Every structure is written in structure tokens, then in C-alpha cells.
Amino acid sequence: EVNPLCTPVLLAVQGVSRKERLVACGYGMQSDEFKTGQYLCTGYDVYIAKEPNVFEAMALVHSRVRRVTFGIPDRGMGGLGGAASSSSVDGGVTGIHSLPGTNHHYRAFRFDTSRLQSGGEKIDEMEKHLV
């Protein structure tokens, strides 16, 4: 049986957590180094093939990432604009990364994956879309 919490995004955050915990154990939990530590992924950039779902997008908010770049939008459960919001008055999209009520926001980019198959353009030449 597949654990729904074992997604690439959550496993990456868990990996950072394990590394930070090992470092903290070296100093001791009461040390200044541990007490003044940062959030798990402060300033990190995330590159992922498919748009994170709502749960993953919020985990990235809590982890304090700087920006997320993805290729394939998720029209059903995408948390960075891929899924249409049924609760929005104007028919907008769900953008967990930019919710006004949260105390952290990150930038999200989607790159055009269709151009990868059409002639081998370099990734840095692809058009990026801010979502």
C-alpha cells in the first residue's frame, strides 16, 4: 500500500529535517546553534516535474522555501494555480504560495515543457511564467 505522504516534495523536506536534526544533535538541543536555527528550507529553491498539490504547496510554505519551479500543471489538485478554486468569487485559481493570510510567501514558476520535445531548446531559454 502506498503512503500518500511519501511524495517527492515531502520526502525532500523530510530529508532536510533529518540532516538538520543530526547537526543539532551534535551541538545539543539546548545550544545556541540549535535555538537560533532557521526554518527547515529557508531560502531553498525547489525544482519539480509536476506541480505540487495543495498539501505539498502548504508544506513548502511552512518550510519557508524561496521559490518553486515546476513543469507539468496539475489541473485536479495543483496548489500553485493548476486547480481552479470553487470557492473563489471570480473563478480564480488556488495559489497556496500567495495566500494573503499566511506569514510567508514564495514565488512559483511554470516552464513550458512542450518546448522540450520540439527541437532541444536550452532550458534557460524557455519562457517562464510567474503564477
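Quick caveat, the model's predicted, so the values are computed rather than measured.

About the cut-offs
- Residues numbered from 1 in each chain as written.
- Predicted model: local features only at pLDDT ≥ 70, side-chain atom pairs only at ≥ 80, totals over all residues.
- Heavy atoms only, no water.
- Pairing = 2+ DSSP bridges.
- Helix = DSSP H or I, 4+ residues; strand = E, 2+ residues; numbered from the N terminus.
- Right-handed = clockwise from strand over helix to strand, strands pointing away.
- Buried < 20%, exposed > 50% of the residue type's maximum accessible area, 1.4 Å probe, protein only.
- Salt bridge = Lys/Arg side-chain N within 4 Å of Asp/Glu carboxyl O.

## Brief notes about the pairing of strand β1 (residues 45-50)
Relative to strand β2 (residues 67-72), β1 runs parallel, the two sharing 5 bridges. If you follow I48 over to β2, its bridge partner there is F70. Read from β1 through helix α3 (residues 54-63) to β2, the crossover connection turns out right-handed.

## What about the environment of S98?
If you trace the backbone, S98 turns up in the loop between β4 (93-95) and β5 (107-111). Judged by relative accessible area, S98 falls into the partly exposed class, the value being 44%.

## Remarks on the pattern of salt bridges
The tally for this structure, following the rule as stated, stands at 3 salt bridges. We note a salt bridge from D45 to R66, for which the minimum N-O separation is 2.7 Å. Here R66 lies in the loop between α3 and β2 and D45 lies in strand β1, a separation of 21 residues in the sequence. By relative accessible area, D45 is classed as partly exposed at 25%. The salt bridge involving R67 is made with D45; its shortest N-O contact spans 3.2 Å. Residue R67 is located in strand β2, and its partner D45 is located in strand β1; the two are separated by 22 residues in the primary sequence. Salt bridges sharing common partners tie together D45, R66 and R67.

Keep in mind these values describe shape, not function.
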